[in-house]
Amino acid sequence: MDKAELAAFLRSRRERVTPAEAGLPAGRRRRTPGLRREEVAQLAYISTEYYARLEQSRAPHPSGEVLAGLARALRLSDAERNYLCQLAGVPVTPPGPSRVVRQSILDLIERLPTTVAIVLSATYEVIAWNPLAAALLDDFSKLSRPDRNLLRRTFLGPRSADGKVFGSSGDPAFAQQATNYLRTTAARYPDDPEVQGLIADLLAGSPRFAELWEAHDVATEPTLCKTFDHPLVGPITVNCDVLTLADRDQQLVLYTATPGSPSEEALRLLSVIGTQEFIQ
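We now turn to the structure provided with this report. Everything numeric here is computed off the predicted structure, so don't read it as measured data.

Those residues of helix H3 (residues 48-55) that fall on the buried side of the exposure criterion are Tyr50, Tyr51, Ala52, Leu54 and Glu55. Tucked inside the fold, the buried residues of H3 contact helix H1 (3-14), helix H2 (37-44) and helix H4 (64-73).

The five strands are arranged S2-S1-S5-S4-S3 in an open sheet whose pairing can be described as antiparallel. Bordering the open sheet on either side are strand S2 (126-129) and strand S3 (225-230), each of which pairs with just one other strand. The sheet shows a mean angle of 30° between the axes of neighbouring strands, direction not considered. Taken together, the five bridges between strand S1 (residues 116-120) and strand S5 (residues 250-256) define a ladder with antiparallel strand orientation. Bridging across to S5, Leu120 finds its partner in Gln251. Those strands touched by helix H12 (residues 262-273) are S1, S3 and strand S4 (234-245), and its axis lies near 85° from that of S4.

This brings us to the packing of aromatic side chains. As enumerated under the stated definition, the model contains seven aromatic pairs in all. On the basis of an interplanar angle of 85° and a centroid distance of 5.1 Å, the ring pair of Phe9 and Tyr83 is categorised as edge-to-face. With Phe9 in helix H1 and Tyr83 in helix H5 (residues 78-88), this residue pair connects regions lying 74 residues apart in the sequence. Relative accessible area serves as the criterion here: at 31%, Tyr83 is assigned to the partly exposed category. With a centroid separation of 5.3 Å and an interplanar angle of 70°, the aromatic rings of Phe155 and Phe209 are classed as edge-to-face. With a gap of 54 residues between them, Phe155 in helix H8 (residues 150-156) and Phe209 in helix H11 (residues 207-214) connect regions that are remote in the sequence.

This part covers the pairing of S2. Two strands pair when backbone bridges link them, and S1 and S2 are joined in this way by three bridges, in the antiparallel orientation. Following the sheet pairing, Ile118 is matched in S2 by Trp129. Two successive antiparallel strands, S1 and S2, enclose a turn made up of five residues, where Tyr124 displays a positive phi of approximately 65°.

Assignment of secondary structure puts Ser271 in helix H12. What makes Ser271 partly exposed here is its relative accessible area of 37%. With 135 residues separating them in the primary sequence, Ser271 and Leu136 have C-alpha atoms 8.8 Å apart. Apart from residues no more than four positions distant in its own chain, Ser271 is found in contact with Pro113 and Leu132.

One can find Thr227 in strand S3. Judged by its relative accessible area of 48%, Thr227 is partly exposed. Spatially, the C-alpha atoms of Thr227 and Asp201 are 28 Å apart, while their sequence positions differ by 26 residues. Sequence-distant contacts of Thr227, that is, excluding residues within four places in its chain, are made with Pro235, Ile236 and Thr237. Engagement of the side chain of Thr227 in a polar contact is seen with the side chain of Thr237, the distance being 2.9 Å.

In this section: the packing of helix H10 (residues 193-205) against H11. The interhelical angle for the contact between H10 and H11, taken along N-to-C directions, is 115°, at an axis separation of 5 Å. Between H10, through Ile199, Leu202, Leu203 and Gly205, and H11, the contact on the second element is made entirely by Pro207, Phe209, Ala210 and Trp213. A breakdown of the residues in the contact of H10 with H11 according to their chemical character gives seven nonpolar, one polar and no charged.

The rules behind these values
- Residues numbered from 1 in each chain as written.
- Predicted model: local features only at pLDDT ≥ 70, side-chain atom pairs only at ≥ 80, totals over all residues.
- Heavy atoms only, no water.
- Buried < 20%, exposed > 50% of the residue type's maximum accessible area, 1.4 Å probe, protein only.
- Helix = DSSP H or I, 4+ residues; strand = E, 2+ residues; numbered from the N terminus.
- Contact = heavy atoms within 4.5 Å.
- Pairing = 2+ DSSP bridges.
- Axes fitted to C-alpha atoms, helices over the stretch in contact; angles between N-to-C directions.
- Phe/Tyr/Trp six-rings, centres within 6.5 Å; stacked < 30°, edge-to-face > 60°.
- Polar contact = N/O pair within 3.5 Å; in protein donor to acceptor, adjacent residues only side chain to side chain.
- Nonpolar A, V, L, I, M, F, W, Y, C, P; charged D, E, K, R; others polar.

What follows is the structure, encoded as structure tokens:
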């Protein structure tokens, strides 16, 4: 472990990351360029004291988990992350799919009141959503992590308390697209236990998934339009746009209705109704 070079490298990377890039307020009286030590520690989920000791060449050998947190907090490239591991004397292993959504993305989807917005991890887990998504698709806050995974919901069936099915379940185009995406994810994270566990569960529980998986396809045409049948406001047809968040290997999925259409009016009504339950 090269403590001196590790300390210098951490300081240099910290000074290059702006608060805005890290999703933090700039504040006033910032005496140092980039992030403060306590901000890096907060983003990396370690103590400020331990991070300060790392920059002072006084800390003990950091673990792989600590290095992974620092790489995320400092927005390191793959080459920089590998170099960080080499300095710390830790074997270089590919990181697993990130479930941490940038604060700027969380702020963005909250500012889209008439757009259904969700963020998907590389394993198709819904890791962020806005209120309209909860109203149209499902209240993901009430679901466990496995039940928020759209691949599990599509091929293994929903397990939410009310039996509500996510709108994409049973959609052949979505099933094909999600399976192909999972194959590319498996190639990027070949040793990640969560990715391999998901694939094993799907193969064991869904003949349809097994059939699609055995085809070894990796590309499909994107779904540009989708119709949801909501129990309160009826059918809603939306345009589908998927934006890739490359730095986190995530997808921002946006569903919007054509301006002036009945579906736009239905979405506006749904934004008012929200997730409230009505007694029949």
